[in-house]
2 protein chains.
Amino acid sequence: MSDHPTINDIGEFKLHQIIKDILPNSSKNILVGIGDDAAVIQPLHSPMVLTKDAMVEGVHFLSQWTTAADLAYKSLASNISDLAAKGAQPAFGLIALGLPGNTEIRWIEEFYQTLAKQKNVWGLEIIGGDTIQSPQLMISITAIGYQQIQKPIRINTAQPGDWIFITGTVGDAAAGLEILQDQNKSEKDLEDAFLIQRLLRPTPRLKEALQLIKLAIPSSMTDISDGLARDLPKICKASGTGAAIIAASIPCSKELREYACDPISYAWKGGEDYELLFTLPEDQAKQLLETWDKEDCQITNIGLITSTSDSIQLIGRGDIQNSGFDHFQQR
Amino acid sequence: MSDHPTINDIGEFKLHQIIKDILPNSSKNILVGIGDDAAVIQPLHSPMVLTKDAMVEGVHFLSQWTTAADLAYKSLASNISDLAAKGAQPAFGLIALGLPGNTEIRWIEEFYQTLAKQKNVWGLEIIGGDTIQSPQLMISITAIGYQQIQKPIRINTAQPGDWIFITGTVGDAAAGLEILQDQNKSEKDLEDAFLIQRLLRPTPRLKEALQLIKLAIPSSMTDISDGLARDLPKICKASGTGAAIIAASIPCSKELREYACDPISYAWKGGEDYELLFTLPEDQAKQLLETWDKEDCQITNIGLITSTSDSIQLIGRGDIQNSGFDHFQQR
């Protein structure tokens, strides 16, 4: 056994004990939690929102840049973001983790300790999962929340004339990735650190979503995980509409504007910012802009839903209009 | 584009459309189903059982022996088996599928078409998931069911003196795997076909579990996925008990007895049979043996829970007592 024992050294039983010790269950609505074959919960009467994500090393993240803590943080954050986009308060999580047998126990401890901290930040309990051997590091999270409004927020209910909003700024994570990939750039500036942080530690807009639904129920909402250029068409295709976006109105951070010659290109094409993209009828949109508390996170109107099915216009930047990221097609 | 288009050829949007078309949602308790970012359901008042499994090509299955239909069948079956062991009626499933970009569309269609058939067999609706690019084929299923009894069935509540039962026969799947791995065996006998089928198409004991809980509530229950030699200690460790098993009483199929010189060794060590392993106090155990309907699936008493913490005795076969399968340690 080396100085840093691996899963191969300790085996499955001890591994599960370590995880159970780091992630005890407390909520009274959990009848059976981690450590059994399956979890048992007593559901509330509210509608439940369920989402499931999977990420694989080499495709969705690279171990060389992503610590165990980063991975735990981000994989949970991306699921919290999905719940936020449905106006749901997180409640439960199940984690499947695929690990090479030579993974060090301290890596696993760091992963689950970060998860334990983050679950408290977002108010959910980890009630179960699976830890398996896998040649590639991979993770799949199922997150479950309770919808905080009566009717579900869908992606297929945007209407022509609706105003299109996004929270925060976009393009930062794409720039962060580029900085990490740039092998000539060993010295990182302050703005680099911000952009990298936006990639590795995105803030899911849960607080903003819960604030939003108190002020106005979006006619559609999604989170920007694949980039505006791909997530906006998702709403439009599902709703049978088009959209017209004023390129110059897309909010970019000061740091992105300092880093990039063409920040709008990053903001349009870049994924993984986990900002919210939502639509509202004009009257509610105007009212929202007046009442929104800008202190923590701005919201920006970037354009309009149009009736031209499947047509997305990026006004002022036709040159980058039809771009975006497809995990399958662009590799 | 070749004769058989791949995901790389059609991209993510079309892929999601194909899946959505094969798996439409129908239940009125599904407020938002497949095709949105997240699912929304209206839960019943009963306690919910949640389980999450993950399987990776090369570790948990081999593509050369496992068709898309086999994989869909088995990955769902193993989750149904987890719900059965909790006395739960399946209700919802979420599927994350990781696929190499060169996976043919017809493979994906076969996978989801099988899933669509099987979900009807088990009475659950597929409400969402994720389809991602992955160098290895991998699958993670979250299955959710409603507990059909008041108190959860746990793995940590076996009592000394309880009788230990298993459904059906064990060891078949391990023999099936050996037959597939035996490159010298190109001709397969009839019993080989049975054993291989038990590996690739295991029958989760849902009907039996639901019959059982009407007759008697087990003091503990689990499904045999890793083999008796590993799943029985799980119950014992969690319950702080030991167990004494009469090796000769472990039920083996006629086919296994014909195939193997030492069928008990397969039955003890072999995993993936997905039979139920449960315990009952003596009086209820005796009553169960009298009332159990043997027509479809036998149940067999194989031994007793003992008070000697952590000690598993395999009476008559001390030579194979301390064996079993650890995905991490035995590779």
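Just so we're clear, the structure is a prediction, and the values are computed from it rather than from any experiment.

Draft legend 1. Seen up close, the interface of chain B and chain A. The interface is formed by 71 residues belonging to chain B together with 71 residues belonging to chain A. Between chain B and chain A, a total of about 5800 Å² is buried, with carbon and sulfur atoms accounting for 61% of that surface. Viewed at the interface, chain A and chain B are joined by six salt bridges. Close ionic contact of A:Arg154 with B:Asp36 constitutes a salt bridge, the shortest N to O distance being 3.9 Å.

Draft legend 2. Quick look at the environment of A:Gln118. Residue and element names in this part refer to chain A. Following the sequence through the fold, Gln118 ends up in helix 3 (residues 105-122). With 46 residues separating them in the primary sequence, Gln118 and Ala72 have C-alpha atoms 8.4 Å apart. In this view, Gln118 contacts Tyr73 and Leu76; residues no more than four positions away in its chain are not counted.

Draft legend 3. Geometry of the confidence of the model for chain A. Residue-level pLDDT values for chain A average 92, and 96% of them are 70 or greater. We note a pTM of 0.93 for the whole complex and an ipTM of 0.93 for its interfaces.

Draft legend 4. A look at empty space enclosed by the protein. All chains considered together, the criterion is met by one cavity of 30 Å³ or more. Volume-wise, the largest cavity comes out at about 40 Å³.

Draft legend 5. Broad picture of unusual backbone geometry. With phi around 55°, A:Tyr274 is a residue other than glycine that occupies positive phi space. Despite not being glycine, B:Glu272 has its phi angle at roughly 70°, a positive value. Position of B:Glu272 among the secondary structure elements: in the loop between helix 9 (263-269) and strand 10 (275-280).

Draft legend 6. The sheet that holds strand 1 (residues 30-32) of chain A, seen in detail. Pairing in this open sheet of six strands is mixed, and the strands run 1(A)-2(A)-3(B)-6(B)-4(B)-5(B) from one edge to the other. Since the sheet does not close on itself, it has two edges, and those belong to strand 1 of chain A together with strand 5 (125-133) of chain B, each with one partner. Along the sheet, successive strands turn relative to each other by an average axial angle of 20°, direction set aside. Relative to strand 3 (residues 48-56) of chain B, helix 2 (residues 68-84) of chain B is tilted by about 145°, and along the sheet it contacts strand 3, strand 4 (88-99) and strand 6 (138-147) of chain B.

Draft legend 7. Structural detail: the pattern of salt bridges. All names here are of chain A. Scanning all chains against the criterion turns up 36 salt bridges over all chains. Of the charged contacts in the structure, one is a salt bridge between Asp273 and Arg198, with a shortest N-O distance of 4.0 Å. Of this pair, Asp273 sits in the loop between helix 9 (263-269) and strand 10 (275-280) while Arg198 sits in helix 5 (residues 190-200); the two residues are 75 residues apart in sequence, bridging distant segments of the chain. Taking the relative accessible area as the measure of exposure, Asp273 reaches 0% and is therefore buried. Put simply, Asp172, Arg198, Arg205, Glu208, Asp273 and Glu275 are held in one network by salt bridges that share partners.

Draft legend 8. Highlighting the sheet that holds strand 9 (residues 242-246) of chain A. Residues and elements named next belong to chain A. If you walk across this open sheet you meet the six strands as 8-10-7-11-9-12, and the pairing is mixed. Here the strands that pair on one side only, and so sit at the sheet edges, are strand 8 (220-224) and strand 12 (312-315). Between one strand axis and the next, the sheet turns through 25° on average, direction left out of account. Where strand 7 (residues 163-167) lies against strand 11 (residues 299-306), five bridges are found, and the strand directions are antiparallel.

Draft legend 9. Quick peek at the packing of aromatic side chains. All names here are of chain A. A full pass over the atoms with the stated rule returns 10 aromatic pairs over all chains. Taken together, a centroid distance of 6.4 Å and an interplanar angle of 75° make the contact between Phe92 and Tyr146 edge-to-face. Placement of the pair is Phe92 in strand 4 (residues 88-99) and Tyr146 in strand 6 (residues 138-147), with a sequence separation of 54 residues. On the basis of relative accessibility, which here comes to 8%, the residue Tyr146 falls in the buried class. Taken together, the ring pairs connect Trp107, Phe111 and Tyr112 into an aromatic cluster.

Draft legend 10. Geometry of the relation of the copies chain B and chain A. Note on the identical chains: chain B maps onto chain A by a rotation of 180° and an axial translation of 0.0 Å, with an RMSD of 0.0 Å. Such values leave the two copies arranged in the relation of a two-fold axis. Looking at the interface residues of chain B, 100% of them are also at the interface in chain A, so both copies use one shared face.

Cut-off values and rules
- Residues numbered from 1 in each chain as written.
- Chains lettered and ligands numbered in written order.
- Predicted model: local features only at pLDDT ≥ 70, side-chain atom pairs only at ≥ 80, totals over all residues.
- Heavy atoms only, no water.
- Contact = heavy atoms within 4.5 Å.
- Buried area = accessible area lost by both parts, 1.4 Å probe.
- Salt bridge = Lys/Arg side-chain N within 4 Å of Asp/Glu carboxyl O.
- Helix = DSSP H or I, 4+ residues; strand = E, 2+ residues; numbered from the N terminus.
- pLDDT = per-residue confidence, 0-100.
- 1 Å grid on protein atoms, 1.4 Å probe; cavity = no way out; pocket = protein on both sides within 12 Å on 5 of 7 lines; lining within 4 Å.
- Points joined across faces, edges and corners; volume = space filled by probe spheres on them.
- Pairing = 2+ DSSP bridges.
- Axes fitted to C-alpha atoms, helices over the stretch in contact; angles between N-to-C directions.
- Buried < 20%, exposed > 50% of the residue type's maximum accessible area, 1.4 Å probe, protein only.
- Phe/Tyr/Trp six-rings, centres within 6.5 Å; stacked < 30°, edge-to-face > 60°.
- Least-squares fit on C-alpha atoms with pLDDT ≥ 70 in both.

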